[in-house]
Amino acid sequence: MNTDSSLYSEDLAPISAENRTWTTWNYAALWISMSLCIPTYMLSSSLIEGGMNWWQAIITIFLGNTVVLIPMILNGHAGAKYGIPFPVFARASFGTAGANIPAMLRAIVACGWFGIQTWIGGFAIFQMTRLWIPSIETLPQIFPNSFGLQTGPAICFILFWLLNMYVVYLGVESIRKLLVFKAFFLPVAALALLFWAISAAHGLGPILNTPSKFTNTTDFFHFFFPALTGMVGFWATLSLNIPDFTRYATSQKAQIKGQIYGLPTSMTLFAFVGVVVTSATAIVFGTTIWDPVVLAGKFDSKLLVSIAMIAVAISTLATNIAANIVSPANDFANLSPSKINFRKGGYITGIIGILIFPWKLIADPTGYIFTWLVGYSSLLGPVGGIMIVDYYLIRKQTLVVDDLYNTKGIYSFSKGFNFKAIIALLIGIVPNVPGFFTTIKVFPSDLFPSWIIGLYSYAWFVGFAFSGFIYWLLMKKKG
């Protein structure tokens, strides 16, 4: 293979056919493992808090995961066919140097997820600590009010963040046993919560009879479409870097069937637990509690809450390192392999994870869905559109693998950048900018026509379609 040292490493090299061992079951198990996490629970419960009834929430989640399954399988094809990871696949459309742009967009989103998961783990530790040391709740306020951060939760968050950074220092191998623990604990915990909800609410009947808060179809759809975009956005990152996993597939059929069996089903089933439990909290406590960590803190038994919160923290730590550190750490390292190793990349991820103020993002369902999930889907949708159009319509599923690792090959374009892809990316992002800035209240809502702001509700779809179409036009045009 004719390769350039700046583009090639053992981690980025194509996986040979004899080393591709992942079967249908492996992919189904991967999705079951990744779906069973606290944010999935919060995803479904936030829809209930937002006003949906149980079946509206379940249908929204199922539809969102069925939609995102399509780019997941389409992008996964190149990984399974050529054995290449996401950053290398992105070189075909963005250029050998330009591939760093989608890699960085994905990395920043992963940093955000790292921050959110770290906050969840830290808050679990706070819920446990306050039972044994009540004074932690009344510590003097040391952060400005604009931070929206109390001292007690902040201390636990920083301690849990330091634990994550220590695991990065030790290396990824140290997390394997925790992942096994998570695989056993979370399904058991989910079932325990489900049985509690059914018992405390005196059966499923009262829970499933909880009505929708939407009094007319206009109000419902005003919430439904951004929520659906949020559901798609939840896995928008993985829909790009799924080749990182499918490169190990024994066949195309294995990755396709495995993802179909694993993703929509496990997400919907675990989301159902979140829907039932959140609906039950409205009956039992008279108010909707959408955060399972807050809910656990409502129970009387100190020992029970302590065990549950320690388990949540360990499970969150395992998920965080596996899902939200490995990928961005490698992306940052890819920027300058000689200066940034995996460990430094992990530290960069950790620092950015704090700077996004994760406690604000998940303080309420509006911030979680409309700001975080929909917001970053507006960046990743365009990347997905470009990569899929390039692979299927421009290159007809045919790549020259050697040239993906060569600075002077056909994917070098202009000094390593395919400016047609960059133009298409920017055009796909622009329509969603007014809606995003209006949502985070940078712009007043009357600054733009309502239909332009309304595009943001469909951010992932708008970006995917705009960028994909513009890229196709630009690439079909010679010169």
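Criteria and thresholds
Residues numbered from 1 in each chain as written. Predicted model: local features only at pLDDT ≥ 70, side-chain atom pairs only at ≥ 80, totals over all residues. Heavy atoms only, no water. Core = buried A, V, L, I, M, F, W, Y, C linked by side-chain atoms within 4.5 Å. Buried < 20%, exposed > 50% of the residue type's maximum accessible area, 1.4 Å probe, protein only. Contact = heavy atoms within 4.5 Å. Salt bridge = Lys/Arg side-chain N within 4 Å of Asp/Glu carboxyl O. Helix = DSSP H or I, 4+ residues; strand = E, 2+ residues; numbered from the N terminus. Axes fitted to C-alpha atoms, helices over the stretch in contact; angles between N-to-C directions. Parallel < 35°, antiparallel > 145°, perpendicular 65-115°, else oblique. Left-handed = near helix turned anticlockwise from the far one by under 90°. Nonpolar A, V, L, I, M, F, W, Y, C, P; charged D, E, K, R; others polar. Expected span 1.5 Å × (residues − 1). Arc of directions from axis to C-beta. Polar contact = N/O pair within 3.5 Å; in protein donor to acceptor, adjacent residues only side chain to side chain. Patch = residues over 30% accessible without salt bridge, like charges linked within 9 Å, V, L, I, M, F, W, Y side chains within 5 Å. Areas by Shrake-Rupley, 256 points an atom, 1.4 Å probe, with all protein chains shown as cover.

Caption draft 1: Highlighting the nonpolar core. Core analysis: the largest hydrophobic core is formed by 115 residues, its most contacted members being Trp 113, Trp 235, Tyr 368, Trp 372 and Leu 399. Dropping the residues within four chain positions of it, Trp 235 is found in contact with Trp 31, Met 34, Ser 35, Asn 65, Val 68, Met 72, Leu 263 and Met 267. Of all hydrophobic cores here, the second largest spans ten residues; its members include Phe 114, Trp 161, Leu 317 and Ile 321.

Caption draft 2: Expanded view of the pattern of salt bridges. With the rule as written, the count across this model stands at three salt bridges. Where Asp 244 meets Arg 106, a salt bridge forms, and the shortest distance between an N and an O atom there is 3.2 Å. Linking Asp 244 in helix α11 (residues 243-246) with Arg 106 in helix α5 (residues 100-132), this pair joins segments that are 138 residues apart in sequence. What makes Arg 106 buried here is its relative accessible area of 2%.

Caption draft 3: Local environment of the packing of helix α2 (residues 38-50) against helix α3 (residues 54-82). It is at 9 Å that the axes of α2 and α3 come closest, and there the two elements cross at 135 degrees. Judged on the interaxial angle alone, α3 and α2 are oblique. When you trace α2 past α3, the crossing you get is right-handed. When α2 is examined against α3, the residues Ser 44, Leu 47 and Ile 48 are found in contact with a partner set consisting of Trp 54, Ala 57, Thr 60 and Ile 61. Of the residues belonging to the contact of α2 with α3, the class tally is five nonpolar, two polar and no charged.

Caption draft 4: Spotlight on helix α1 (residues 24-35). Here α1 contains twelve residues, and its C-alpha end-to-end distance of 17 Å stays within 8% of the 16 Å for a straight helix at 1.5 Å per residue. What α1 keeps buried is the set Tyr 27, Ala 28, Leu 30, Trp 31, Met 34 and Ser 35. Seen along its axis, α1 keeps its buried residues to an arc of 155 degrees; they face one direction.

Caption draft 5: Expanded view of the environment of Gln 259. Structurally, the position occupied by Gln 259 is in helix α12 (residues 252-284). In sequence terms Gln 259 and Trp 25 are 234 residues apart; their C-alpha atoms lie 9.3 Å from each other. Separated by 3.2 Å, the side chains of Gln 259 and Trp 31 make a polar contact.

Caption draft 6: Highlighting a nonpolar patch on the surface. Together, Leu 139, Ile 155, Ile 158, Leu 159 and Leu 162 give the surface a local cluster of nonpolar side chains, amounting to about 420 Å² of exposed area. One can find Ile 155 in helix α6 (residues 151-170). By relative accessible area, Ile 155 is classed as partly exposed at 37%.

Caption draft 7: Representation of the packing of α3 against α12 within the structure. Packing of α3 against α12 brings their axes to within 9 Å, and their N-to-C directions diverge by 155 degrees. Taken together, α3 and α12 sit at an angle that is classed as roughly antiparallel. Both α3 and α12 take part in a crossing whose hand is right-handed. Grouping the constituent residues of the contact of α3 with α12 by class yields 18 nonpolar, eight polar and one charged.

Caption draft 8: Examining unusual backbone geometry more closely. Even without glycine at this site, Phe 413 takes up a positive phi of about 50 degrees. Of note, Phe 413 is situated in the loop between α18 (401-404) and α19 (419-429). The backbone of Lys 415 shows a phi angle near 55 degrees, a positive value even though the residue is not glycine. Note on Lys 415: relative accessible area 80%, which makes it exposed.

Caption draft 9: Representation of α2 within the structure. The first and last C-alpha atoms of α2 sit 18 Å apart over 13 residues, in line with the 18 Å expected at 1.5 Å per residue. The buried fraction of α2 amounts to eleven of the 13 residues, a majority that puts the element mostly inside the structure. Within α2, burial applies to Ile 38, Pro 39, Thr 40, Tyr 41, Met 42, Leu 43, Ser 44, Ser 45, Ser 46, Leu 47 and Ile 48.

Geometric values such as these leave the question of function open.
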